Amino acid sequence: MPCFQKINNLTGWIVFAVATTVYALTVEPTASFWDSGEFIATSYTLGITHPPGAPLYMLIGRLFSFFSFGDVQQVAYWINMVSVLCSGFTILFMFWSITLLGSKMMGVSPKTATSNQVMALMASGVIGSLAFTFSDSFWFSAVEAEVYAMSSMFTAMVVWAMLKWELMENERAAHRWLIGIAYLMGLSVGVHLLNLLAIPALVLLFYFKKYRKTTAKGILLTLLISGGLLLVILHGLGISLELAAGLDIFLVNNLGLPFGSGLVVLALVILSLLVYGIFYSIRKQKILLNMALLGAAFIMIGYSSYTVIMVRAKADPPINLNRPDDVLRLVSFLNREQYPTRPLFRGPYFDAELKAQVLGKTVYKQGEEKYAIKDHTIEQIYNPKETTIFPRMYSNDASHAALYRQITGLREGEKPTFADNLEFFFKHQVGHMFLRYFMWNFSGRASDKQGADWLSPVDFFSKVPAVMAENKARNNYLMLPLLLGLLGLMYQYRKNKRGFSFVMLLFFMTGFALVLYTNNPPIEPRERDYAYVGAFFAFSIWIGLGAIAAIEALGTLLKQKRSWVTGLGAAACLSVPVLMAMQNWDDHDRSDRYFSVDAARNTLASCDENAILFTGGDNDTYPLWYVQNVEGFRTDVRVLVTSFSNGDWYIAQMKKKEYDSEALPLSLSDKNYEQGGLNDYIPYVENPNVKGAINASQYLKLIKNENPALQIQTVLGNINTVPANQMYMNINVDQLLEKGILPESKAELATSRMQWKMKGRYLTKGDLVLMDLIDSGNWERPVYLNNTSLNTINIDLNSYVIQEGDTFKLLPLENPNPDSPLVDTDKMYNRMMNQFAWRELDNPDSYYSDQYRSFVQNQRTNFNILAEELINEGKTEQARNSLTKSLEVMPDQSIRYDVASVQSVGLLLALGETGKAGEIAAIMAERADELLGYLAAHYEPAYERERNVSLFALNRFATFFKESGMMKDSIKYENLFTKYYESFNRQS
């Protein structure tokens, strides 16, 4: 059929338009939680992201930011659109890949295909690509600024390009395509390494084309070669830079050449060898050698986006993580040396005895004229009897150890065996961390809660409580995508084993092989389904091929091969992606979601002018980076991330002015904060000569002067210690009152001596930074901590903070009851009522995931804290206003009442608002009754927290209404609580 190619191209572009439109309609208009804020901020400022970086993504993001035409509020939207377009192109190339694989499976060519066959092929491409379009994990990445959408696009492009190459008969044109594929692979490294997992499948396809007669030995050899090629490309850049670094150290230290000489020399050597090799291959007519060398050259050209990392790091942009501005830092950056390693081939069990610690690799630093030794890595030597091949249960983190035992059923003190190791691998790493995600995408998902299970068709008919049923992420596809994909898998295996091997290897490498390589610990900070999108891509190809099988089966059943039978079968199969779209739309539509950014703005608005704000995790920090670096909001506030403040590179950045924020007033020198120095880890070593608390100011002076009295010898050399687990600092209260630094309303709590305890057995450089700021800053710049940083620092300052909004200000005010925070009601009321943003939180059509709901709960809690303190101060009208505001901007219709709402009931009763309090309590009690009744009969681990909250709510309601004299309501709630509390006690 001569028009096959036109129909194929046109249908592909129509599917592209559908997918792109869907993603454009549901894209998040601003920065979402997790890494999105970081990627948008670094794209806009050409900064350096977390290792190993994504330079190509950053450059493309920067180009798209120009479409905002100077409107900084639109920058995030346009960088998000990078993912929208990349995802649309992924679907386009996937469609064409399915029709290519389908035509081979059906044994037809574009010239010989009948109209009926063309219709079946187009149907298969549409159904498979649309199933992937509406799949849970891929749609998630398609509507936010993350690297996974662009990485998927490169995967789809190289798969399609290899399938096109396989059909080419013109050798010269085919070689050009292979070189183009090599270039795409090189480019993809500048986005994410996941794309490289497609290499074994591509090499296998190459083998199938070059050798019409295949053997088991040939296939095995091909797989070994492909594995080697994967390792070379995966680690080639890092190994090359390590060679350059070693050569640089030699040339600089021994021959007196300038810094960077090693990189220049190695680049010239590699370039010379490549050029010579290419000319040699041309002269000697060695086609395979020429193709291999040109491929290597184009991969390196693709790699070249990484030169941007060093160039921009030298420019020192506002976000410059790890500051990889020389070859040594760049090696560390690309090798992700700041992250803990995970053993793959041999390692210890989680409870293995540590026998010794020995010095490992020497770490150098760039000095004034030469490289100097900066540090050494540490190698842990474990009892060899407590190590194993294929280590899966390796982490000695206490929380991880408890989970290992829970998952495998090991009793406390019982030693793990290799059988336990395999049980954890199959049950958790394969089952929970891959197959569960796989079933999310092709069977159904129970909810958006961490650890949520998958759904089967049986669950579609099960009656569950409203809190579960109304979770927008509860999606059930009746296993139809799974069944159609399995049909396609079996059909392709029967019809075209080579094509099946190609798709299966792609599925294995981007699924099970990734499970083996990542070696996940027993708990992650968030779900990792986005990492396995390549496997879901491969399975969606089978869904498309399954449509051909279904159409053929229908024709056989009806004994008809006419177009109406093909149309009927296609329509039936099309119901699969239609069902997925209907189920997934409401929880993937982010078009009205702004609170990630508004929460960041509220945090910054909670700080006084020129403040220093300590933050903790990703979601505390990256949205703040976005609003400061892109929207230019509150750039006078210096955000200091506690998890980064152990790095000397980060502390050095804090010592320079950034935007409207002056350098931090730190008294300790760069040498005191240097990596590999005396203060990387400062253990508490009790000194019998030290009684009670020590003076923190004097201790910092000893640190600054490197006093040997603090030092002990370790395998790495000398390190400083803490001789007491309590410290104090003297405060000039009169001076602070005179300057207006202390609030007059709390003047009676001012203390001339701040004293704190260590929370654990050591201090970090981050703790030194905080103590240094308190000591040398003279309280001239306000110091704030958010809730995460307040809880993660190693010194207990809870007695000396006052809440002024979403943050806690550090002041020498001694809280007589540290369990209940001090509150500056004037500041907090003004900020929360007049300065905070709450866009779309009152919109019941907006979707807020579990992560967003937890941030909303924090806001409700802060309104409660403010109202309670206002009641204590006799400001009842303001207390009533604050609670009313909370209910207005975060109503139950859009975000269900939560544990914070329980406290709101008590406060409303205290204010005489019995009607509103009763209404909230009645709604929550009804839901609690329904949920607890269900959980009493069905074990749902993902809803354990909700169970506890429901019991807590009923118990507190009974107390609140009893205290308010409303005994009828109190008895009702007490009876409900007793009924379920006793029921769950009997179960345990």
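Structure shown above.
Below is a summary of the structure that appears in this document. If you're wondering where the values come from, they're calculated on a predicted model, not measured in any experiment.

Moving on to the overall build of the protein. Helix and strand counts for the protein stand at 37 helices and 19 strands. Counting only C-alpha atoms and orienting by the principal axes, one finds that the protein spans roughly 90 × 85 × 65 Å. Per-residue burial for the protein yields a buried fraction of 55% across its 988 residues. Looking at the protein as shown, the accessible area adds up to about 42,100 Å², and 58% of this sits on carbon and sulfur atoms. Taking the average place of the 88 positive charges on the side chains of the protein and the average place of its 94 negative ones, the gap between the two points comes to 11 Å.

This part is about the pairing of strand 8 (residues 638–641). Neither face of strand 8 is open: one carries R638 and L640, the other V639 and V641, and all of them are buried. The sheet contact formed by strand 7 (residues 612–615) and strand 8 spans four bridges and is parallel. Within strand 8, the position partnered with I612 by the bridge is R638. Traced from strand 7 through helix 25 (residues 618–629) to strand 8, the parallel crossover comes out right-handed.

This part is about the sheet that holds strand 13 (residues 726–730). With mixed pairing, three strands are arranged side by side in an open sheet as 10-13-14. Lying at the two open borders of the sheet, with one neighbouring strand each, are strand 10 (694–695) and strand 14 (753–757).

This model, assessed by the stated rule, comprises 62 aromatic pairs. The lysine or arginine in question, R62, covers the ring of Y44, its NZ or CZ lying 5.4 Å from the ring centre. Note that R601 overlies the ring of F633, its terminal NZ or CZ placed 4.1 Å from the centroid.

Moving on, we get to the nonpolar core. Formed by 233 residues in total, the largest nonpolar core has its most connected members in Y23, F536, Y699, L770 and L810. Ranked by the residues each element gives to this core, the list is headed by helix 4 (residues 75–106), at 17 residues. Residues contacting F536, with those up to four places away along its chain left out, are F132, S137, F434, Y437, F438, N441, F442 and D529. With 58 residues, the next largest nonpolar core counts W34, L866, V889 and L935 among its residues.

Looking at the secondary structure, you find Q429 in helix 16 (residues 418–442). Reaching out from Q429, the side chain makes a polar contact with the side chain of N519 at a distance of 2.9 Å. Excluding residues within four positions of it along the chain, Q429 makes contact with R392, F424, F434, V515, N519 and N520.

Residue alternation in strand 7 divides its side chains into two sets, I612 and F614 and L613 and T615, and both sets are buried. Direction of pairing for strand 7 relative to strand 16 (residues 783–785): parallel, over a ladder of three bridges. If you follow F614 over to strand 16, its bridge partner there is L785.

Right, let's get into the packing of helix 5 (residues 115–133) against helix 23 (residues 563–588). Two numbers describe a pair of packed helices, the interaxial angle and the distance between the axes. The N-to-C vectors of helix 5 and helix 23 enclose an angle of 5°; their axes lie 9 Å apart at closest approach. Taken as axis vectors, helix 5 and helix 23 run roughly parallel relative to one another. Packed against helix 5, whose contacting residues are N116, M119, A120, A123, V126, I127, L130 and A131, the element helix 23 presents S563, T566, G567, A570, C573, L574, P577 and M580 at the interface.

Turning our attention to the sheet that holds strand 7. Hydrogen bonds along the backbone pair up the strands of a sheet, which may run parallel or antiparallel. If you trace the six strands from one edge of the open sheet to the other, you get 8-7-16-18-17-19, paired in mixed fashion. What marks the edges here is a single partner per strand, and that holds for strand 8 and strand 19 (822–823). In this fold helix 25 packs onto strand 7 and strand 8, with an angle of close to 155° to the strand it touches most, strand 8.

This next bit is on the pattern of salt bridges. Inspection of every chain in the model, using the stated rule, returns 50 salt bridges. The shortest N-O distance in the salt bridge between E171 and K210 comes to 3.7 Å. Residue E171 is found in helix 8 (residues 171–189), and its partner K210 is found in helix 9 (residues 199–210); the two are separated by 39 residues along the sequence. Given the relative accessible area of 43%, E171 is considered partly exposed. Residue K210 is classed as partly exposed on the basis of its relative accessible area, which comes to 32%. The salt bridge involving K415 is made with D351; its shortest N-O contact spans 3.5 Å. Remark: D351 occurs in the loop between strand 1 (346–348) and strand 2 (354–366) and K415 occurs in the loop between helix 15 (398–408) and helix 16; sequence separation between them is 64 residues. Here the residues in one salt-bridge network are D448, K449, D850, R853 and E946, joined through shared partners.

As a further point, take empty space enclosed by the protein. For the structure on display, the rule yields five cavities of 30 Å³ or more. Looking at the largest cavity, its volume works out to about 240 Å³. In this structure, the largest cavity is lined by 17 residues; those nearest its centre are P318, R638, V639, M654 and E658. Mapped by element, the contributors of at least two residues to the lining of the largest cavity are helix 25, strand 8 and helix 26 (648–654). Residue composition of the lining of the largest cavity, grouped by class: nine nonpolar, six polar and two charged. Estimated volume of the second largest cavity: approximately 140 Å³. Considering the residues around the second largest cavity, the lining is formed by 14 residues, among which S151, S152, T155, V533 and G534 are closest to the centre. Counting only elements with at least two residues in the lining of the second largest cavity, the list comes to helix 7 (148–167) and helix 22 (533–558). Looking at the lining of the second largest cavity, the element that brings in the most residues is helix 7, giving five residues.

Note that C573 resides in helix 23. Using a relative accessible area of 6% as the deciding quantity, one classes C573 as buried. Once the C-alpha coordinates of C573 and G546 are considered, the two residues, 27 residues apart in sequence, prove to be 8.7 Å apart. If near-sequence neighbours (up to four positions away) are discounted, C573 is found in contact with I127, L484, A547 and A550.

Here we take up the environment of G125. Considering the arrangement of structural elements, one finds G125 in helix 5. A C-alpha to C-alpha distance of 9.5 Å links G125 and L92, two positions 33 residues apart in sequence. The contacts of G125, once residues within four sequence positions are left out, are F95, I98 and T99.

Attention now goes to helix 3 (residues 55–65). Every buried residue belonging to helix 3 is among P55, L56, Y57, M58, G61, F64 and S65, and all of these are buried. Considering only its buried residues, helix 3 is in contact with helix 2 (36–45), helix 4, helix 7, helix 8 and helix 13 (307–315).

All right, on to the packing of helix 20 (residues 497–510) against helix 22 then. Contact geometry for helix 20 and helix 22: axes closest at 7 Å, N-to-C directions at 155°. The pairing of helix 20 with helix 22 is recorded here as roughly antiparallel in orientation. Here helix 20 and helix 22 pass one another in a crossing that is left-handed. Mapping the contact onto sequence places F500, V503, M504, L506, F507 and T510 in helix 20 and G534, A535, F537, A538, F539, I541 and W542 in helix 22. Per-class residue counts for the contact of helix 20 with helix 22 are 11 nonpolar, two polar and no charged.

Attention shifts here to unusual backbone geometry. The step from P51 to P52 runs through a cis peptide bond, and the omega angle for that step is 5°. Phi is positive for L46, which is not a glycine, with a value near 50°. Along the polypeptide, L46 turns up in the loop between helix 2 and helix 3. Unlike most non-glycine residues, E840 shows phi in positive territory, near 65°. Along the chain, the position of E840 falls in the loop between helix 31 (825–835) and helix 32 (850–872). For E840, a relative accessible area of 26% translates into the label partly exposed.

Reading the values: the criteria
- Residues numbered from 1 in each chain as written.
- Predicted model: local features only at pLDDT ≥ 70, side-chain atom pairs only at ≥ 80, totals over all residues.
- Heavy atoms only, no water.
- Helix = DSSP H or I, 4+ residues; strand = E, 2+ residues; numbered from the N terminus.
- Buried < 20%, exposed > 50% of the residue type's maximum accessible area, 1.4 Å probe, protein only.
- Areas by Shrake-Rupley, 256 points an atom, 1.4 Å probe, with all protein chains shown as cover.
- Lys, Arg positive; Asp, Glu negative; His and termini not counted.
- Charge placed at Lys NZ, Arg CZ, Asp CG, Glu CD.
- Pairing = 2+ DSSP bridges.
- Right-handed = clockwise from strand over helix to strand, strands pointing away.
- Phe/Tyr/Trp six-rings, centres within 6.5 Å; stacked < 30°, edge-to-face > 60°.
- Lys NZ or Arg CZ within 6 Å of the ring centre and 35° of its normal.
- Core = buried A, V, L, I, M, F, W, Y, C linked by side-chain atoms within 4.5 Å.
- Contact = heavy atoms within 4.5 Å.
- Polar contact = N/O pair within 3.5 Å; in protein donor to acceptor, adjacent residues only side chain to side chain.
- Axes fitted to C-alpha atoms, helices over the stretch in contact; angles between N-to-C directions.
- Parallel < 35°, antiparallel > 145°, perpendicular 65-115°, else oblique.
- Salt bridge = Lys/Arg side-chain N within 4 Å of Asp/Glu carboxyl O.
- 1 Å grid on protein atoms, 1.4 Å probe; cavity = no way out; pocket = protein on both sides within 12 Å on 5 of 7 lines; lining within 4 Å.
- Points joined across faces, edges and corners; volume = space filled by probe spheres on them.
- Nonpolar A, V, L, I, M, F, W, Y, C, P; charged D, E, K, R; others polar.
- Left-handed = near helix turned anticlockwise from the far one by under 90°.

What is shown is where atoms sit, not what they do.
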